[in-house]
Amino acid sequence: MTTVTKDLAAWGSTVDVLWVLFDRVLNVSPETVRDPKRDRFLLSDGHESMPYYAVLAAKGFLDPDELGDRTSVRSRLGPHPDRTRVPGAEISTGSPGHGLALALGTVFGLRAQRITRPKVMVLIGDAELDEGSNAEAIALAGRLAMDQLTAVVIDSASATHGWPGGIERRFAVECWATRVVDGHDHEALYDAFTAPHPAQPLCVVAVVEPARR
Amino acid sequence: MRATFLSTMDEALAADPRLVLVLADIPAESVAHARRRYPGRVLDVGNREQALIGVAGGLALAGLRPVAHALAPFLVERPYEQIKLDLTHQGVGAVLVSSGASYDLPGRTHQSPADVALLDTVPGWTVHVPGHPGEARRLLLESLPGDSAVYVRLSDQTNARPHLGAGFQLLREGRRGVVLAVGPVLDRVLAATGDLDVTLLYANTIRPFDAKGLRAAIGDVADVVLVEPYLAGTSAHQVAQALADVPHRLRSLGVRRDAEVRVYGNPADHDAVHGLDLPSLQAAISDFCGN
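Residues numbered from 1 in each chain as written. Chains lettered and ligands numbered in written order. Predicted model: local features only at pLDDT ≥ 70, side-chain atom pairs only at ≥ 80, totals over all residues. Heavy atoms only, no water.

1. So, the confidence of the model for chain B
Phase 1 of the analysis: Taken over all residues, the pLDDT of chain B has a mean of 96, while the share at 70 or more is 100%.
Phase 2 of the analysis: Note on the complex model: pTM 0.96, ipTM 0.96. (pLDDT = per-residue confidence, 0-100.)

So, in structure tokens, the structure goes:
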């Protein structure tokens, strides 16, 4: 499967997760996008840019008219988001496996400034989880009890060698709180994102239909 | 130089609340005091070098000033993509401070002669190669304010005295070419060129490259010898660009690129392997400059 068709196959699967986050969970808006105390959403899986741009447009960060022109030379909306060009995008991604460590650094940075309430939420794909950089970050966040951090893993059964026994186990063994929910059930997603997880980072595995491979 | 770096960080952490020191399992007893006083601003990620740079990127995104420190191969080569993407592509900076340089330690795995060449492939990095602990302290203190991307390459190899000027520093004037010595190779280059009628420039900041300083030093004979303590020719393209409109010759001395060097021994042994020992430098420079 080419990158483009992989993107296409994935577009439909994360829009519910993104919508619940931006509509009901994240305390961030176009007006507060530079507020040090805003919640942060980091799209580690840059392939999910299309539903992300759509949600950013629905929430006023982008003009909906921009979406049709995506990836043209005139557009600021690339195949993967560039934070220096896309209003509301916290990080620039595309290469898999970079968002979680950036999220850890953000939490360290907030902690150092004694900003302890805002959430830092990072969305990762189940195939992206193959990257070893995630293993480094999962262990570190767990040992350091980063309760400001939430990793949302979209499980579309797209990892080449799978995650036998469940993705959540890889997080649980490193002392994360874990929840597995239907990635299209808005109430279940909301409950998973908002139930307390004191002194532990949270991993929410959002199960969606298998990607065509 | 490493002890100077850590003691300077100990002071700087007290003075600047934006600073965060991030370590990857490298001994740092001398910051124990700062670690106790500012536990949230002295972090150790363990043997996780991708996380080391990723965390530095996240800290910068949160408005802090990260200083990341590890041995050069584990700071630059292993997490090269994190430097490219988690710092430069995010549009944020950091101060990366390495130790070990090209071959302070025996064994290929712990040697990093390619670090400066690698950073040269990512835009916007300032690269300091101090040749003395006094230079290291000064260059570090200059790098800590602001948000720019800075690499400080520390080594156990040092010159007898510091040179604290900026840009390419003119140490000697001659008529038969220009020799540019970078960082810790200076004392050997001074000795190797003592009897030669050449101009000697010294740099402890090699990026940005002081093209103006090089051009000003060129006399009637545009022969240039680069002596760099990392991969030979790392700055050759900079010399070519600086002298694009001047017919010139260039000899690049540094760590050899043509062999996988498997000998152990001390740094002096490696200097000999790479032609950076005094007799080799004398022969190469006098041969090229026609003395």
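2. A look at helix H2 (residues 15–25) of chain A
Phase 1 of the analysis: Residues Asp16, Val17, Leu18, Val20, Leu21, Phe22 and Val25 of chain A constitute the buried set of H2 of chain A.
Phase 2 of the analysis: For H2 of chain A, the secondary structure elements touched by its buried residues are strand E1 (40–43), helix H3 (49–58), strand E2 (120–125), strand E3 (149–155), helix H7 (186–194) and strand E5 (202–207) of chain A. (Buried < 20%, exposed > 50% of the residue type's maximum accessible area, 1.4 Å probe, protein only. Helix = DSSP H or I, 4+ residues; strand = E, 2+ residues; numbered from the N terminus. Contact = heavy atoms within 4.5 Å.)

3. Points about the pairing of strand E9 (residues 199–203) of chain B
All names here are of chain B.
Phase 1 of the analysis: Of all five residues in E9, five are buried; the element is thus mostly enclosed.
Phase 2 of the analysis: Where strand E7 (residues 169–172) meets E9, three bridges bridge the pair, whose relative direction is antiparallel. Residue pairing across strands places arginine 172 opposite leucine 200, the latter belonging to E9.
Phase 3 of the analysis: The pairing of strand E8 (residues 178–182) with E9 spans five bridges and is parallel. Each residue of the ladder has a partner; that of valine 178, found in E9, is threonine 199. (Pairing = 2+ DSSP bridges.)

4. Some remarks on the interface of chain A and chain B
Phase 1 of the analysis: With 24 residues of chain A in contact, the opposing surface of chain B contributes 24 residues.
Phase 2 of the analysis: The contact between chain A and chain B buries some 2000 Å² in all, and 60% of this surface belongs to carbon and sulfur atoms.
Phase 3 of the analysis: Considering only the surface of chain A that becomes buried against chain B, His98, Leu102 and Glu136 of chain A emerge as the three largest contributors, covering 28% of it.
Phase 4 of the analysis: Along the contact surface separating chain A from chain B lie zero salt bridges.
Phase 5 of the analysis: Inspection of the chain A/chain B interface yields ten residue pairs in polar contact (both at pLDDT 80 or more).
Phase 6 of the analysis: Those elements that place two or more of their residues in the side of chain A that touches chain B are helix H4 (99–112) and helix H5 (132–143) of chain A.
Phase 7 of the analysis: Considered class by class, the residues forming the side of chain A that touches chain B number nine nonpolar, ten polar and five charged. (Buried area = accessible area lost by both parts, 1.4 Å probe. Salt bridge = Lys/Arg side-chain N within 4 Å of Asp/Glu carboxyl O. Polar contact = N/O pair within 3.5 Å; in protein donor to acceptor, adjacent residues only side chain to side chain. Nonpolar A, V, L, I, M, F, W, Y, C, P; charged D, E, K, R; others polar.)

5. With respect to unusual backbone geometry
Phase 1 of the analysis: Of note, the bond from arginine 207 of chain B into proline 208 of chain B is cis; its omega dihedral lies within 30 degrees of zero at 0°.
Phase 2 of the analysis: Mapped onto the secondary structure, proline 208 of chain B falls in the loop between strand E10 (205–207) and helix H9 (211–217).
Phase 3 of the analysis: Residues other than glycine seldom take positive phi values, yet alanine 145 of chain A does so here, at roughly 50°.
Phase 4 of the analysis: Mapping alanine 145 of chain A onto the fold places it in the loop between H5 and E3.
Phase 5 of the analysis: Take alanine 145 of chain A: its relative accessible area is 26%, and that puts it in the partly exposed class.
Phase 6 of the analysis: With a phi angle near 55°, aspartate 25 of chain B is a residue other than glycine that sits in the positive phi range.

6. Notes on the packing of H4 of chain A against helix H3 (residues 49–61) of chain B
Packed helices, taken two at a time, are described by their axes: the angle between them and the distance between them.
Phase 1 of the analysis: In contact at an axis separation of 6 Å, H4 of chain A and H3 of chain B are set at 50° when each is read in the N-to-C sense. When the interaxial angle is binned, H4 of chain A and H3 of chain B end up oblique. As H4 of chain A packs across H3 of chain B, the resulting crossing turns out to be right-handed. On the side of H4 of chain A, the interface is formed by Ala101, Leu102, Leu104, Gly105, Thr106, Phe108 and Gly109 of chain A, while H3 of chain B contributes Ala51, Gly54, Val55, Gly57, Gly58, Leu59 and Leu61 of chain B.
Phase 2 of the analysis: The residue inventory of the contact of H4 of chain A with H3 of chain B, partitioned by class, reads eight nonpolar, six polar and no charged. (Axes fitted to C-alpha atoms, helices over the stretch in contact; angles between N-to-C directions. Parallel < 35°, antiparallel > 145°, perpendicular 65-115°, else oblique. Left-handed = near helix turned anticlockwise from the far one by under 90°.)

7. Things to note about the nonpolar core
Phase 1 of the analysis: If you look at the biggest cluster of nonpolar residues, it comprises 76 residues, and the most contacted ones within it are Leu100 and Leu149 of chain A together with Leu96, Tyr151, Ile206 and Leu214 of chain B.
Phase 2 of the analysis: Other than its neighbours up to four places away in sequence, leucine 149 of chain A contacts Leu100, Ala103, Leu104, Val107, Val120, Val122, Ala141, Trp176, His197, Pro201 and Leu202 of chain A.
Phase 3 of the analysis: Listed in part, the 35 residues of the second largest apolar core include Val20, Phe22, Ala57 and Ala206 of chain A. (Core = buried A, V, L, I, M, F, W, Y, C linked by side-chain atoms within 4.5 Å.)

8. What about empty space enclosed by the protein?
Picture a little ball the size of a water molecule; that probe, rolled over the atoms, points out where space is still empty.
Phase 1 of the analysis: What the rule picks out here adds up to two cavities of 30 Å³ or more.
Phase 2 of the analysis: Space inside the largest cavity adds up to approximately 140 Å³.
Phase 3 of the analysis: Lining the largest cavity are 15 residues, and of these Tyr103, Ser155, Gln157, Pro184 and Pro229 of chain B sit closest to its centre.
Phase 4 of the analysis: Classifying every residue of the lining of the largest cavity by side-chain character gives eight nonpolar, three polar and four charged.
Phase 5 of the analysis: If you add up the space inside the second largest cavity, you get close to 50 Å³.
Phase 6 of the analysis: As for the second largest cavity, its lining consists of Phe22, Val28, Val33, Asp39, Phe41, Tyr52, Phe61, Gly88 and Glu90 of chain A.
Phase 7 of the analysis: Of the residues contributing to the lining of the second largest cavity, the split by class is six nonpolar, one polar and two charged. (1 Å grid on protein atoms, 1.4 Å probe; cavity = no way out; pocket = protein on both sides within 12 Å on 5 of 7 lines; lining within 4 Å. Points joined across faces, edges and corners; volume = space filled by probe spheres on them.)

9. Notes on the pattern of salt bridges
All names here are of chain B.
Phase 1 of the analysis: Counted according to the given criterion, the structure contains 19 salt bridges over all chains.
Phase 2 of the analysis: Close ionic contact of arginine 108 with glutamate 260 constitutes a salt bridge, the shortest N to O distance being 3.4 Å. Here arginine 108, found in the loop between strand E4 (95–99) and helix H6 (115–119), pairs with glutamate 260, found in the loop between strand E12 (249–255) and helix H11 (267–273); they are 152 residues apart in sequence, far enough to count as distant.
Phase 3 of the analysis: Residue arginine 108 is classed as partly exposed on the basis of its relative accessible area, which comes to 37%.
Phase 4 of the analysis: Note on glutamate 260: relative accessible area 46%, which makes it partly exposed.
Phase 5 of the analysis: Two residues, aspartate 245 and arginine 215, come together in a salt bridge whose shortest N-O distance is 2.8 Å.

10. Topic: the pairing of E4 of chain B
Residues and elements named next belong to chain B.
Phase 1 of the analysis: Within E4, five of the five residues are buried, leaving the element largely enclosed by the surrounding structure.
Phase 2 of the analysis: By the alternation rule, side chains of E4 split into Val95, Val97 and Ser99 and Leu96 and Ser98, which are all buried.
Phase 3 of the analysis: Of the pairings in the sheet, the one linking strand E3 (residues 65–71) to E4 comprises five bridges and is parallel in character. From the neighbouring strand, alanine 68 faces E4, where its bridge partner is leucine 96.
Phase 4 of the analysis: One ladder, built from four bridges, connects E4 with strand E6 (residues 150–153); its direction is parallel. If you follow serine 98 over to E6, its bridge partner there is arginine 153.

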